[in-house]
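Structural characterization, general
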Amino acid sequence: MSETGATRTTADTGRVVSGSLGRWLTIAGGVLFWGWLLARWLNNWFLPAGVGVPPGESFLDPAAVAPISDSLAFAVEYLPQLADAAWLTVVLTVVSIVLGFVFAVPVSVARVYGTYSSTVSLAFTELIRGTPLLAQLFVLYYALNLSTLFRGLPDDGFLPSAVVYVAIIGFTINSVAYQAEYIRSALLSVDREQLTAARAIGLSQRQGIRHVVLPQALRFAIPGWSNELVYLIKYSSLAAFITVPELFNVARSIAADNFAYTGIFALVAVLYLGLVISASKLMAGVERRVAIPGLGGTASQ
Amino acid sequence: MLPGTGVVGAVAVGSLELSIRTIAQLGSDTCGSLPPDVAFVCENAGYLAGGLVLTIALTIASLLVGLVAGFPAGAIEVYGGRYASLAVEAVGTVFRGTPIVVILIFAYFVVPITDWFPIQRVLPVGGAFVAAVVGLGLRSAAYQSQLFRGTLQSVDEGQMEAARAVGLSKLGAIRHVIVPQALRRSVPGFQNEFTIVLKDTSVAIAIGLAELFTRSQDLFVQRTTAVTEVILLISAVYFVMTFGTNRALEYLNDYYAIPGEST
Amino acid sequence: MSDYDPLLTVESVSKRYGDERVLNDVSFTMDRGDVTVMMGPSGSGKSTLLRCVNRLTEVDSGEIRLGDHRVTDPGIDVDALRRDVGMVFQDINLFTHLTALKNVTLGLREVRGFSTDDAREAATEQLERVGLGDQLDSYPGELSGGQKQRVGIARALAMEPELLLFDEPTSALDPELVGEVTAVMADLAAGGMTMLVVTHEKGFAREAATDALFLDAGSIAERGPPAQLFENPENERTAEFLDRVSTVSGEP
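Remember, it's a predicted structure, so these values are computed and weren't measured experimentally. Numbers given for residues are sequential positions, taken from 1 along each chain in its written order. The lettering of chains begins at A and the numbering of ligands begins at 1, in the order of writing. Local features in a predicted model are, by the rule used here, given only for residues with pLDDT of at least 70; side-chain atom pairs are given and counted only at 80 or more, and totals for whole chains, interfaces and linings are based on all residues. Side-chain numbers come from the whole structure's heavy atoms, not from hydrogens or water.

Considering the overall build of chain B
A run of H or I in DSSP becomes a helix once it reaches four residues, and a run of E becomes a strand once it reaches two; helices and strands are each numbered from the N terminus. Summing up its helical and strand segments, chain B has twelve helices and zero strands in all. Seen in sequence order, chain B has helices and strands lined up from the N terminus as α-α-α-α-α-α-α-α-α-α-α-α. Expressed as a percentage of contacts within chain B between residues at least 6 apart in sequence, the contacts between residues at least 24 apart total 76%. Computed with a 1.4 Å probe, the accessible areas rest on the Shrake-Rupley method; for each residue, only the protein chains presented here act as cover. Here chain B has roughly 12500 Å² of accessible surface; of this, 65% comes from carbon and sulfur atoms. Residue contacts are defined here by distance: any two heavy atoms, one from each residue, within 4.5 Å place the two residues in contact.

Structure, rendered in structure tokens:
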């Protein structure tokens, strides 16, 4: 017993030291990563012509860093195009999760508290969660030919092209199903007596759900959102198969040109990892911020 | 859990062969009387069924790779030393943070996987299949390690103390007391993982593996008017597989549950 | 007798769950200002009866009236009824995501239509009344069991109910915290609040109750002033039960 106690203490101190160092590295990495991405996007769309560099071109001259390292020069040469493409990845993710949330709340409430609507909601979530996202995108793009709906909309790189709207519809529908499932289980994990207590002071069922059950459930659902955000960042890459020029698609076409699969996809993997890690850190921060004092272990730190 | 998966797999593949034969039979007899686009799908049912067999084989193989690599990884994260668990965590983060399509591209175009694992010389499978199994399998291992880490940690600490108190070594306690309880609790998570892997086999279209999804695209590229029929059909096939297997696993889970314990 | 107008009338109320008869032809009345204590072994139907009074549970047969509310009529507005009947729960059920103050203001704002400021003022007053003026911004997770239950009482009081129901308000509390809650309840009783209380606290009953009911197997086995019921129970089951309760809580 005492032996395990001792090792645990040393390990803990070790973790604290590496933890604070790790935290500073994470923060520094995050600032660098997002600073650079934002600089690229600002450069592309918000600087007047003649200021900054043209989209797709790097701030530094690749030839200048080539003497230091060939890999670095490679990265400097291709990262700008990838950063520009990452904009669409972020747009697809953020718009879909927000729209998905708007619809997921009623769908999950219907599932838990509805009667007839509960069955409809169940059928919808099971159907979406039981089929590949890629198949759903194909239904929208090829079978329903939805992109014709969005023809003629402006497309200047900042505002997306028609097919992006199709992808957003697809990801939103998919995300509604997953978020509804997260919120449903969160609703169920709220003590039933909370609603009883709300009814006992005269709140209607609807008011009780709105003011008592949902505020608690939405907090419980945060780890679910964290998952969903990460899921959307990664699976937005499937939009490439309906021709959306997001991060993966752009990388694939660059690699098809220069055959540098290893280099390009290593850079792409790093970009996705950066986005995914940022998302999980962000959600962990949100979870800490909205934690209820005295409840659960999340409030600490 | 393992035998369960095996049985489900064997039954699925067996009944599939039967239905392929039936479908092929039906195809030659009755397809002609259907509307043209449906008839087209009907005539090619055998081709799709071949893709389905590949999809199922890919799913099972990837889940097994995921289990074989993921369980030890999870155990290391719980019981391993500091550096071992940090290493496992880092590798896991990379696999969990990268889109499956990027992982598959790496496995097929970048890493000479078929040189490292020349399975194609022993089994009648292609390089794309091996790459897909490794890609889907390792990604699944990264998720399964999280699953097992969670369930191993969920076993009450008192269980370990009680096992040590009756004289079991730490390893013995893990093996005979903690792991059996943790594995039972892992079934719902494993079910989830199964669904994810099955659906994500469709992404193997990126490396041209002729599984169900890729073959469906082959078909509707041939006859673009049949696109709705083809996609809805294969969506239904995926749905039946995820839904059916999930219900079957839930039944097994209830059947083998420890009396008096929930879940 | 014709102008006899009780606040609460319970008439021949019966309720079963499946084959189990939970309430069997129960009748009693309460006047304004009455404090009635209900006792009885677990499963005797006390809590069910309480929940029938504010329609958290439906009766099978019989009638309940509270002031102008015909409680057991299917068509009534249950939310309006519940505005007039407060309830304090055994497991307290504070809204865990809201501070003590907001637990009280929620009903004031959403049900009684108070403005934010008015609700805040009224809620502060109620919380001061139960001795928690210094814990307005604490979350339930930061309060002791006794403090939580006092917030629960303040939350019910704030709705200015005509009748306050207590469902074993102290039985989930550590013994040393029971006193602070029963003291608040006794204060309310002295202030003229009409209260129907399920409890095994004989001290509170003796001090504050006007009336005691003993429920056994879904029927009222005995009724009378607390002192009389405790000292000379007529019913054998009552005597046996009171004896056991005394032993447990160590009362004289």
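From this point, the discussion proceeds with the structure in view.
As for the UniProt feature "domain: ABC transmembrane type-1" (unreviewed entry) in chain B
UniProt positions are given in the numbering used here, feature names are shortened, and annotations may be inferred rather than shown by experiment. Those places that UniProt annotates as "domain: ABC transmembrane type-1" (unreviewed entry) correspond, in this numbering, to residues 52-242 of chain B. Taken end to end, residues 52-242 of chain B has its terminal C-alpha atoms 13 Å apart, with 80% of it in helix and 0% in strand.

Some thoughts on the nonpolar core
With 129 residues, the main nonpolar core has Leu-82, Phe-241, Ile-242, Val-244, Phe-248, Phe-265 and Val-268 of chain A as its most contacted residues. The dominant element in this core, judged by the number of residues it contributes, is helix α3 (residues 70-113) of chain A, at 16 residues. Residues grouped as a nonpolar core are buried Ala, Val, Leu, Ile, Met, Phe, Trp, Tyr and Cys residues, joined through side-chain atoms within 4.5 Å. Only protein chains enter the accessibility calculation, which uses a 1.4 Å probe; a residue is then buried when its area is under 20% of its type maximum, exposed when over 50%, and partly exposed in between. Core analysis: the second largest hydrophobic core is formed by 48 residues, Ala-123, Leu-127, Val-181 and Ala-186 of chain C among them.

Side note on the sheet that holds strand β1 (residues 8-17) of chain C
All names here are of chain C. Any two strands with at least two DSSP bridges between them are considered paired. Sheet architecture is open: four strands sit in the order β2-β1-β4-β5, paired in antiparallel fashion. In this open sheet, the two strands that pair with only one neighbour each are β2 (20-30) and β5 (69-70). Across seven bridges, β1 lies against β2 in antiparallel orientation. Directly across from Tyr-17, in β2, lies its bridge partner Glu-20. Here helix α1 (residues 46-53) sits on the sheet in contact with β1, β2 and β4 (61-66), set at roughly 60 degrees to β2. Here, axes are lines fitted to C-alpha atoms. For helices the fit covers the stretch in contact, and angles between N-to-C directions go from 0 to 180 degrees.

Quick look at the interface of chain B and chain A
On the side of chain A, 34 residues touch chain B, which itself brings 39 residues to the contact. Summed over both partners, the accessible surface that disappears when two parts come together, traced with a 1.4 Å probe, is what is meant by buried area. Buried area between chain B and chain A, both sides added, is near 3000 Å², and the carbon and sulfur share of it is 72%. Salt bridges, as used here, are contacts in which a Lys or Arg side-chain nitrogen is within 4 Å of a carboxyl oxygen on Asp or Glu. Viewed at the interface, chain A and chain B are joined by one salt bridge. Its salt-bridge partner being Glu-126 of chain A, residue Arg-247 of chain B comes within 3.9 Å of it at the nearest N-O pair. Under the rule applied, a polar contact is a pair of N or O atoms within 3.5 Å (in protein, one hydrogen donor and one hydrogen acceptor; residues adjacent in sequence only if both atoms are side-chain atoms). In this assembly, chain B and chain A are joined by seven residue pairs in polar contact (both at pLDDT 80 or more). Counting only elements with at least two residues in the side of chain B that touches chain A, the list comes to α4 (82-97), α5 (100-110), α7 (127-154), α10 (187-200), α11 (212-222) and α12 (227-255) of chain B. When residues in the side of chain B that touches chain A are grouped by element, the largest group, ten residues, is from α12 of chain B. All amino acids are sorted into three groups, where Ala, Val, Leu, Ile, Met, Phe, Trp, Tyr, Cys and Pro are nonpolar, Asp, Glu, Lys and Arg are charged, and the leftover types, Gly among them, are polar. Considered class by class, the residues forming the side of chain B that touches chain A number 22 nonpolar, ten polar and seven charged.

A word on the interface of chain A and chain C
Listed by partner, the interface residues are 22 residues for chain A and 25 residues for chain C. Of the roughly 2000 Å² buried where chain A meets chain C, counting both sides, 60% is carbon and sulfur surface. Counting the surface chain A buries against chain C, the share from its top three residues, Ala-200, Ile-201 and Pro-293 of chain A, is 27%. If you look at where chain A meets chain C, you find two salt bridges. The salt bridge involving Arg-51 of chain C is made with Glu-193 of chain A; its shortest N-O contact spans 3.3 Å. Of all elements in the fold, only α7 (192-200) and α8 (205-220) of chain A reach the threshold of two or more residues within the side of chain A that touches chain C. Per element, the largest residue contribution to the side of chain A that touches chain C is seven residues, and it comes from α7 of chain A. Counted by class, the side of chain A that touches chain C contains ten nonpolar, eight polar and four charged residues.

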